[in-house]
Amino acid sequence: MTVGIGAIAKNGGDPHVIVSADRMVTYGQQSGVEYEDTNSKIESIISNEGVNAVAVGSGSTTYIDEVIKNIRRTISDSDQNIRSMNDVLNHSLSALKYTVQESISNQILAPFGYSLEDLRDSDTEIPAEIQKGIFEQTANLREQIANEVHILIAGVGVDGPGVYLLHGTDYTNFNDMGYGIIGSGSDSARLTFIRRRYDRNCSVREGVFTVLEAKNQSEERQGVGQQMDLVLLSSDQMDILDNTEIMNLREFLEDIGEAEKNARENVMNDWEYI
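Just so it is clear, the model here is predicted, and its values are computed rather than measured.

A. Molecular detail of the overall build of the chain. Secondary structure assignment for the chain yields seven helices and 12 strands. Counting every position in the chain, which comprises 274 residues, the buried fraction comes to 46%. Across the chain, the fraction of contacts at a sequence separation of at least 24, relative to all contacts at a separation of at least 6, is 64%. As displayed, the chain offers around 14500 Å² of accessible surface, 45% of which is attributable to carbon and sulfur atoms. Where the 22 positive side-chain charges of the chain centre and where its 44 negative ones centre are 3 Å apart.

B. Focus on the side chain of Lys-215. Looking at the secondary structure, you find Lys-215 in helix α6 (residues 204–218). For Lys-215, a relative accessible area of 0% corresponds to the buried category. Sequence-distant contacts of Lys-215, defined by excluding residues within four places in its chain, comprise Val-3, Ile-5, Ser-20, Ala-21, Asp-22, Gly-225, Gln-226, Gln-227, Met-228 and Arg-250.

C. Geometry of helix α7 (residues 243–270). Between its terminal C-alpha atoms α7 stretches 41 Å, which fits the 40 Å expected from 28 residues at 1.5 Å a residue. Restricting attention to buried positions, one finds in α7 the residues Ile-246, Leu-249 and Leu-253. The inward-facing, buried residues of α7 contact α6 and β11 (229–234).

D. Seen up close, the sheet that holds strand β10 (residues 179–182). Taking strand neighbours across the sheet as the criterion, the five strands line up as β10-β1-β2-β11-β12 in an open arrangement whose pairing is antiparallel. The sheet terminates laterally at β10 and β12 (237–240), the two strands that pair on one side only. This sheet shows a mean twist of 20° between the axes of neighbouring strands, independent of strand direction. With five bridges connecting them, strand β2 (residues 14–21) and β11 associate as antiparallel partners. Counterpart to Val-17 in the pairing with β11 is Leu-233. Contacts from α6 reach β1 (4–11), β2 and β11 within the one sheet, and its direction differs from that of β2 by about 15°.

E. Region of the structure containing the pattern of salt bridges. This model, assessed by the stated rule, comprises 12 salt bridges. Asp-22 is the salt-bridge partner of Lys-41, the closest N and O atoms lying 2.7 Å from each other. Linking Lys-41 in the loop between β4 (33–36) and β5 (43–47) with Asp-22 in the loop between β2 and β3 (24–27), this pair joins segments that are 19 residues apart in sequence. Each member of the pair, Lys-41 together with Asp-22, is buried. Across the pair Glu-219 and Lys-215 runs a salt bridge whose closest N-O atoms are separated by 2.5 Å. Residues Glu-219 and Lys-215 agree in their burial class; the two are buried.

F. Representation of the environment of Glu-148 in the model. Residue position: Glu-148 is located in helix α4 (residues 128–148). Given a relative accessible area of 30%, Glu-148 falls into the partly exposed group. It is 14 Å that separates the C-alpha atoms of Glu-148 and Gly-185, two residues lying 37 residues apart in sequence.

G. Quick peek at the environment of Tyr-164. You can see Tyr-164 is positioned in strand β8 (residues 160–167). Residues within four places of Tyr-164 in sequence aside, it is in contact with Met-85, Leu-89, Ile-151, Leu-152, Ile-153, Tyr-171, Thr-172, Asn-173, Phe-174 and Asn-175. Of note is the side chain of Tyr-164, whose polar atom sits 3.4 Å from the side chain of Asn-175.

H. Quick look at the nonpolar core. Counting residues in hydrophobic clusters, the biggest one holds 33 residues, and the most contacted among them are Ile-45, Ile-46, Ile-71, Val-88, Ile-153 and Leu-166. Contributing elements (two or more residues each) for this core: β5, β6 (52–58), α1 (61–77), α2 (85–112), α4, β7 (150–157) and β8. Setting aside residues no more than four positions away along its own chain, Leu-166 makes contact with Ile-71, Leu-89, Ser-92, Leu-93, Leu-96, Val-149, His-150, Ile-151, Ile-153 and Tyr-171. The next biggest cluster of nonpolar side chains, apart from the first, holds 24 residues, and it includes Ala-189, Val-204, Leu-230 and Leu-232.

I. Structural detail: the pairing of β12. Inspection of the sheet shows β11 paired to β12 by four bridges, in the antiparallel sense. Its bridge partner lying in β12, Ser-234 is registered against Gln-237. Between the antiparallel neighbours β11 and β12 lie two residues.

Scoring rules and cut-offs
Sequence order sets the numbering: in each chain, residues are counted from 1 along the sequence as written. The predicted origin of the model limits local features to residues at a pLDDT of at least 70 and limits the giving and counting of side-chain atom pairs to 80 or more, whereas totals for whole chains, interfaces and linings rest on all residues. In computing side-chain values, all of the structure's heavy atoms are included and hydrogens and water are not. Starting at the N terminus, helices and strands are each numbered in turn, a helix being any DSSP run of H or I of at least four residues and a strand any DSSP run of E of at least two. A 1.4 Å probe rolled over the protein chains alone gives each residue an accessible area, and that area as a share of the maximum for its type sets the label: buried under 20%, exposed over 50%, partly exposed in between. Two residues form a contact once any of their heavy atoms are found within 4.5 Å. The Shrake-Rupley method, run with a 1.4 Å probe sphere, supplies the accessible areas, and residue values consider only the shown protein chains as cover. Charge counting follows a simple rule: Lys and Arg are positive, Asp and Glu are negative, and His as well as the terminal groups are ignored. Lysine's charge is taken at NZ, arginine's at CZ, aspartate's at CG and glutamate's at CD. Here the expected span of a helix is defined as 1.5 Å times the quantity of residues minus one. Strands pair, by our definition, only if DSSP identifies at least two bridges between them. Under this scheme, a helix contributes an axis fitted over its contacting stretch, all axes are lines through C-alpha atoms, and angles between N-to-C directions fall in the 0 to 180 degree range. Think of a salt bridge as a Lys or Arg side-chain nitrogen and an Asp or Glu carboxyl oxygen that are within 4 Å of each other. Here a polar contact means two N or O atoms within 3.5 Å. Within protein one must be a hydrogen donor candidate and the other an acceptor candidate, and residues neighboring in sequence count only if both atoms are side-chain atoms. Residues grouped as a nonpolar core are buried Ala, Val, Leu, Ile, Met, Phe, Trp, Tyr and Cys residues, joined through side-chain atoms within 4.5 Å.

The following block contains the structure:
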């Protein structure tokens, strides 16, 4: 239960991505314990001279931590010079698939006394009834992971900005829409972007305050924490805003809300009711 937001914006002609998240975490996949953590859920997965990218997870914290650890390892072990968001996406997707396979191996195959290698070995004979059980449990586990674990990958590389949602063993591309949102607060946050008619060509200033407003709106949903982290990404920089900067921005947002309210009242008062 959480909210994670990634929005594409421009500063002049330079692409940026604004990422925000609360700090509510859930431990345990069933009847999990929820609380607001002291650490940010926005995790840096790569930062170099060509690409800066982060990950935000929604769902079981322990499983998300494992996926992000594998994403970092996959990227670190790559013999490529990773500078594009497309490469970051592909490595992240590979890491997610690896984590799912490890879960299948540990939770389903191992109790039957088999491994993934056994399934690939044509010489290994597995009784039909056990094969059926493995197939059914694997399908259920994949569905559970797809429903319960969502990871937002966001950043900017030499190929431009990218916002992607990893789920199950697949992904959704939000680049054309200009923003992606995960978590229990996603519906409330999404309404803010729709109301503001947000798109990927909006300015960084517009992006920051839309993300702030969306995060505030999401807090009305159960399971969304009141605390907030905010990161601004470009291809050559990762700017992590501190608590003082975020508090100042939230005060500015309150001023915007008050000004909009006053403007609406002034227009209504100018109407001559007959």
